[in-house]
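Single-letter residue listing:
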Amino acid sequence: MRWSNLFIPTLRDAPATAEAASHALLVKGGFIRQLHAGHYSLLPLGLRVHTKVANIVREEMDAMGAQEFLLPTMHPADVWKKSGRWDTMGEIMFRLTDRRDNELALGITHEEIFASVAGELSSYKELPQLWYHIQTKFRDEARPKSGLLRVREFAMKDSYSFDIDQNGLDAQFDAHAVAYARIFERLGLPAIPVEASSGAMGGNDSVEFMVPCAAGEDDVIVCPSCDYAGNVEKATSTLPLIEDEPTTTDPKKFPTPGVRTIAALTEIEGGAPADRQIKTMVMVIDDQVTLALVRGDHQLNLQKLTDATGAIDVRPATPEEAKASLGAMPGSLGAVGVTDIAIIADEALRGRTNMTTGANEDDWHLCGVNIGRDISVQEWADLREVAAGEACPECGSPLEMVRCVEAGHIFKLGTVYADAFDVAVADEKGQNQPVVMGSYGIGIGRNMATVAETHYDEDGLVWPVSVAPFEAVVTVLKLDEPTLAAAEAIYDGLRRKGVDVVLDDRDARAGIKFADAELIGIPYRVTVGPRSLADGEIELTNRATGETKKIATELLVDSLADTIDSQRRG
RNA sequence: CGGGAUGUGGCGCAGUUUGGCUAGCGCACCUGCUUUGGGAGCAGGGGGUCGGGAGUUCAAAUCUCCCCAUCCCGACCA
């Protein structure tokens, strides 16, 4: 490749609207251009990185015996209706109709489609199977953002495992965890496997691979002492025991004029500390009003509530809805004596006595509440969000909270899709058994952006060799015959050695060539100019360290090719 | 969807408050000369009708109304 023939539109200034580092650098370096919100064109440089990321994923999938497919990305509504997700997916799914008015969808994921194909499996002898493809997904995200990190159209590797039983699934799941760890290592991403909520994918067990970085959107609880880690949507912690005074009398109403918050209730005469209060939140769960109870000093986590109730849609009630349900405005709400509304309470409230909560009458609260006696809790669940500093559930050390990008997610699906699509095989006894499925996803473009997000300095990107758009650049400083001939000899030599190298033969000043090579993050730069030719030594600059060393011309090609080869697999 | 902001050549911006000459600057681009190991200098040149529509006015980038798009925060999201 000769740079003079390439389209690499680097910019002096990144667009002002690009805020995430990866977004600004990928645009500035000429890797991507935005078409509209959430849709990006990959330019030649961007496609090179994208392809390398995809190939690393592909190699690791192939290495674990997975078979590559390519399934359509436009689907008939039928398939989605079969699993029920036509209705549950809501606005995230792009929907359209064809000329005959048939309903269609653009795939947000491919469980349904792979399950359709898997209907042809008929015997346990064919299992296990592991299938994958790298295909475009469309998701009508409410808010695309941060360049390639959250988009509406993106390539994803999704794999699907099919097993005769849970043990088989567990093995495939564990194998994926290992393969994913290897993928992230090769990408240079310090991914942390964490317990996660399965959300709309269904199934029970899931692990996310999270990469700490500022542009992330997820909060992850990690233990600095042991390997415990969990998404805040799932993580738990150990709380110190609280000794309550027993209550022998009924709850007592007391006046709390103007008190509308937990904090205010701790101040007022007759009030109580936050951990002795019950916070009553009126939620609308799939159109059903429900009370969610957590301790006064705790935060309700919406995803935990969603998971606990198996709901599709959960939202806080409006103040008007709360008033209609309980007779008071938020700030004075409570669950004592409520019997006609479902009540779900956080485990941290179990067994608590002598608590304080709203009286369902503005400006009044109740004290002396014994939860077991006074509140008809229908379901206990883990609803509260863990806060940094609480004790690790495994080792007791104070937990930390880290901002992360979700780089991959693996799910144990069970038989949800097998049941919907009648994917069953005969077992040893000739009895049909539903196939146990797992699904496993890695976003290619998001991982590319995450590598950028974690590999840059003030001069631009610093790609690892494994995904760099070029592994090396031969920068020619003078376009006269001897210099160009020397540079081309090195360039040809590196190419013959299998190095992905570009020859910067542009008629431009040295400063521009150096700055561009640094901006686009090529790991190694070979600088060929009259000065070095006269010395018989060529300069080799390492992008990551900034170090330049001189190497005898005749040794350079072999030495650099070896260096790159040793780093190529990450 | 709620809140905030912004739309002026490819990129970054000024001009809008207080309507008024031919819409301006830097970068990038083209030509020439000089220069040539860290984003060159000089001279010349090309490109925008100011997000879109309607309106007010002798006159609109600038004022009014409607719409659209993009970005940020939140909600939401495998």
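Cut-off values and rules
Residue numbers here run from 1 along each chain, matching the order of that chain's written sequence. For this description, chains carry letters from A and ligands carry numbers from 1, given in the order in which they are written. This being a predicted model, a pLDDT of at least 70 is required before a residue's local features are given, and a value of 80 or more before pairs of side-chain atoms are given or counted; all residues contribute to the totals for chains, interfaces and linings. Remark: hydrogens and water are excluded; side-chain values derive from all non-hydrogen atoms of the structure. The rule is simple: put a 1 Å grid over the protein atoms alone, call a set of points where a 1.4 Å probe fits but cannot get out a cavity, call an open set with protein on both sides within 12 Å along at least five of seven lines a pocket, and count a residue as lining if it has an atom within 4 Å of a point. Grid points are joined across faces, edges and corners, and a volume is the space filled by probe spheres set on the points. In this description a helix means any DSSP run of H or I spanning at least four residues, a strand means any run of E spanning at least two, and both kinds are numbered starting from the N terminus. Salt bridge, as used here, is a side-chain nitrogen of Lys or Arg placed within 4 Å of a carboxyl oxygen of Asp or Glu. Only protein chains enter the accessibility calculation, which uses a 1.4 Å probe. A residue is then buried if its area is under 20% of the maximum for its type, exposed if over 50%, and partly exposed in between. Whether two residues are in contact is decided by their heavy atoms: any pair within 4.5 Å suffices. In protein, a polar contact means a hydrogen-donor-capable atom and an acceptor-capable atom, both N or O and within 3.5 Å, with residues adjacent in sequence counting only if both atoms are side-chain atoms; elsewhere, any N or O pair within 3.5 Å suffices. When at least one non-hydrogen atom of a residue lies within 4 Å of a molecule or strand, that residue is treated as near it. Lys, Arg, Asp and Glu make up the charged group, whereas Ala, Val, Leu, Ile, Met, Phe, Trp, Tyr, Cys and Pro make up the nonpolar group; the residues left over, Gly among them, are polar. Pairing between two strands requires that DSSP report at least two bridges joining them. Within 6.5 Å between ring centres, the rings of Phe, Tyr and Trp (the latter by its six-membered ring) count as paired, and their orientation is classed by plane angle as stacked under 30 degrees, edge-to-face over 60, tilted in between. Think of it as a cone above the ring: NZ of Lys or CZ of Arg counts as a charge over the ring if it is within 6 Å of the ring centre and within 35 degrees of the ring normal. One less than the number of residues in a helix, times 1.5 Å, gives the span that helix is expected to have. To be clear, the arc concerns the directions from the helix axis to the C-beta atoms. Each axis is a line fitted through C-alpha atoms, taken for helices only over the stretch in contact, and angles between the N-to-C directions span 0 to 180 degrees. An angle counts as roughly parallel when it lies under 35 degrees, as roughly antiparallel when it exceeds 145, as roughly perpendicular when it falls between 65 and 115, and as oblique in every other case. The crossing is said to be left-handed when, going from far helix to near helix, the turn is anticlockwise and less than a right angle, and right-handed when the turn is clockwise. The source of the domain bounds is an automatic or database domain assignment. Two parts placed together each lose some accessible area; with a 1.4 Å probe, that loss summed over both constitutes the buried area.

A.B. asks: Can you help me understand the layout of surface pockets in this one?
C.D. replies: By rolling a water-sized probe across the atoms, one finds the places where empty space is left. Size it by volume and the second largest pocket reaches roughly 460 Å³. In terms of lining residues, the second largest pocket is bounded by 26 residues, among which Lys-279, Thr-280, Met-281, Pro-330 and Gly-331 are the most central. Elements that contribute at least two residues to the lining of the second largest pocket include exactly helix H7 (262-267), strand E14 (278-285), strand E16 (299-300), helix H9 (319-326) and strand E19 (355-361). For the lining of the second largest pocket, the leading source of residues is E14, giving 6 residues.

A.B. asks: How should I be thinking about the pattern of salt bridges in this particular structure?
C.D. replies: Pairing is possible between side chains of opposite charge, provided their charged atoms come close. Overall, the coordinates contain 40 salt bridges when judged by the stated rule. For Asp-362, the salt bridge goes to Lys-323, with nearest N and O atoms at 4.0 Å. With Asp-362 in the loop between E19 and strand E20 (364-369) and Lys-323 in helix H9, this residue pair connects regions lying 39 residues apart in the sequence. Accessibility expressed as a relative area gives 37% for Lys-323, which makes it partly exposed.

A.B. asks: Is there a simple way to explain the environment of Asp-346 in this structure?
C.D. replies: Within the element layout of this structure, Asp-346 appears in strand E18 (residues 342-346). Sequence-wise, Asp-346 and Leu-477 are 131 residues apart; in three dimensions their C-alpha atoms are separated by 68 Å. Here Asp-346 is in contact with Leu-293, Val-294, His-298, Trp-380, Ala-381, Asp-382, Leu-383 and Arg-384, once residues within four sequence places are set aside. A polar contact is formed between the side chain of Asp-346 and the backbone nitrogen of Arg-384, at a distance of 3.2 Å.

A.B. asks: In this structure, what is going on with the protein's contact with RNA strand B? I would like to understand it.
C.D. replies: Taken together, 42 residues are adjacent to RNA strand B, and Arg-12, Arg-139, Phe-154, Leu-302 and Glu-539 come closest. Considering RNA strand B, the proportion of its atoms within 4 Å of the protein that are sugar or phosphate atoms stands at 51%. At 2.8 Å, a side-chain N or O of Arg-143 approaches a phosphate oxygen of RNA strand B. Measuring from a sugar or linking oxygen of RNA strand B, one finds a side-chain N or O atom of Arg-531 at 2.5 Å. Here the surface near RNA strand B is composed, by residue class, of 18 nonpolar, 9 polar and 15 charged.

A.B. asks: Which parts of the structure should I look at to understand the pairing of E19?
C.D. replies: Regular strands have side chains that alternate between both faces of the sheet. Burial within E19 is extensive, with 6 of its 7 residues counted as buried. Here E19 pairs with E20 via 4 bridges, running antiparallel. Paired with Thr-357 across the two strands is Leu-366, which belongs to E20. Hairpin connection of E19 to E20: 2 residues between the antiparallel strands, including Asp-363 at a positive phi of 75°.

A.B. asks: Is there a simple way to explain the packing of aromatic side chains in this structure?
C.D. replies: What describes a pair of aromatic rings is the distance from one ring centre to the other and the angle between the planes of the rings. Inspection of every chain in the model, using the stated rule, returns 11 aromatic pairs. Taken together, Phe-69, Phe-114, Trp-131, Tyr-160 and Phe-162 form an aromatic cluster joined through their ring pairs. It is Arg-506 that lies over the ring of Trp-3; its NZ or CZ is 4.2 Å from the centre.

A.B. asks: Can you walk me through helix H13 (residues 481-496) in this structure?
C.D. replies: Residues spaced three or four apart along an α-helix point in a common direction, a consequence of the helix completing one turn every 3.6 residues. Taking 1.5 Å of rise per residue, the 16 residues of H13 would be expected to cover 22 Å, and the 22 Å separating its terminal C-alpha atoms lies within 8% of that figure. Inspection of H13 places Thr-483, Ala-487, Ile-490, Tyr-491, Gly-493 and Leu-494 among the buried residues, and these make up the whole buried set. Buried residues of H13 fall within an arc of 160° about the axis and therefore sit on the same side. Across H13 from its buried face, at more than 90 degrees, point the exposed residues Glu-481 and Arg-496. Looking at the buried residues of H13, the elements they touch are strand E29 (472-476), strand E30 (501-504), strand E31 (524-528), helix H15 (530-535), strand E32 (537-542) and helix H16 (553-567).

A.B. asks: What is the right way to read the packing of H13 against H16 from this model?
C.D. replies: In helix packing, the relevant descriptors are the interaxial angle and the interaxial distance, both defined with respect to the helix axes. It is at 9 Å that the axes of H13 and H16 come closest, and there the two elements cross at 40°. Relative to H16, the element H13 is oriented oblique. The crossing of H13 and H16 is right-handed. On H16, the residues touching Ile-490, Gly-493 and Leu-494 of H13 are Leu-556, Val-557, Leu-560 and Ala-561. Here the contact of H13 with H16 is built from residues that sort into 6 nonpolar, 1 polar and no charged.

A.B. asks: Where do I start with the sheet that holds strand E4 (residues 74-76) in this structure?
C.D. replies: Sheet strands pair by backbone hydrogen bonding; their relative direction is either parallel or antiparallel. Read from one edge to the other, the open sheet built from 3 strands follows the order E4-E6-E5, with strand pairing classed as antiparallel. Sheet topology places E4 and strand E5 (95-97) at the edges, where each strand pairs with a single neighbour. Averaged over neighbouring strand pairs, the angle between their axes works out to 35° when direction is ignored.

A.B. asks: For this particular structure, what's the right way to read the side chain of Gln-129?
C.D. replies: Looking at the secondary structure, you find Gln-129 in strand E7 (residues 129-138). One polar contact links Gln-129 to Gln-67, side chain to side chain, over a distance of 2.8 Å.

A.B. asks: Quick question: what am I supposed to make of empty space enclosed by the protein here?
C.D. replies: Summed over the entire model, instances satisfying the criterion amount to 1 cavity of 30 Å³ or more. Here the largest cavity is characterised by a volume of approximately 50 Å³. As for the largest cavity, its lining consists of Leu-149, Arg-150, Ala-215, Gly-216, Glu-217, Asp-218, Val-405, Glu-406 and Arg-446. Each residue belonging to the lining of the largest cavity can be placed in one class, and the counts come to 3 nonpolar, 1 polar and 5 charged.

A.B. asks: What's the story with the sheet that holds strand E17 (residues 314-316) in this structure? I'm lost.
C.D. replies: With mixed pairing, the 5 strands of this open sheet are ordered in space as E17-E14-E15-E18-E21. Of all the strands in the sheet, the pair left with one neighbour each is E17 and strand E21 (379-381). For this sheet, the mean angle separating the axes of adjacent strands, direction not counted, is 35°. Packing of helix H8 (residues 302-309) onto the sheet brings it into contact with E14, strand E15 (288-295), E17, E18 and E21, and relative to E14 it is tilted by some 65°. Contacts from H9 reach E14, E15 and E17 within the one sheet, and its direction differs from that of E14 by about 105°.

A.B. asks: In this structure, what is going on with the domain arrangement of chain A? I would like to understand it.
C.D. replies: The extent of an interface is frequently quoted as the accessible surface area lost upon association of the parts. According to the domain assignment, chain A contains domain 1 (39-235 + 401-453), domain 2 (252-385) and domain 3 (463-567). A straight line from the C-alpha centre of domain 1 to that of domain 2 covers 37 Å. Listed per partner, the contact involves 7 residues of domain 1 and 7 residues of domain 2. Buried area between domain 1 and domain 2, summed over both chains or domains, comes out near 560 Å², and the portion from carbon and sulfur atoms is 49%.

A.B. asks: Can you walk me through the environment of Lys-145 in this structure?
C.D. replies: Structurally, the position occupied by Lys-145 is in the loop between E7 and strand E8 (153-163). Considering only alpha carbons, one finds Lys-145 and Gly-38, 107 residues apart in sequence, at a separation of 6.9 Å. Setting aside residues up to four positions removed in sequence, Lys-145 forms contacts with Arg-150 and Glu-217.

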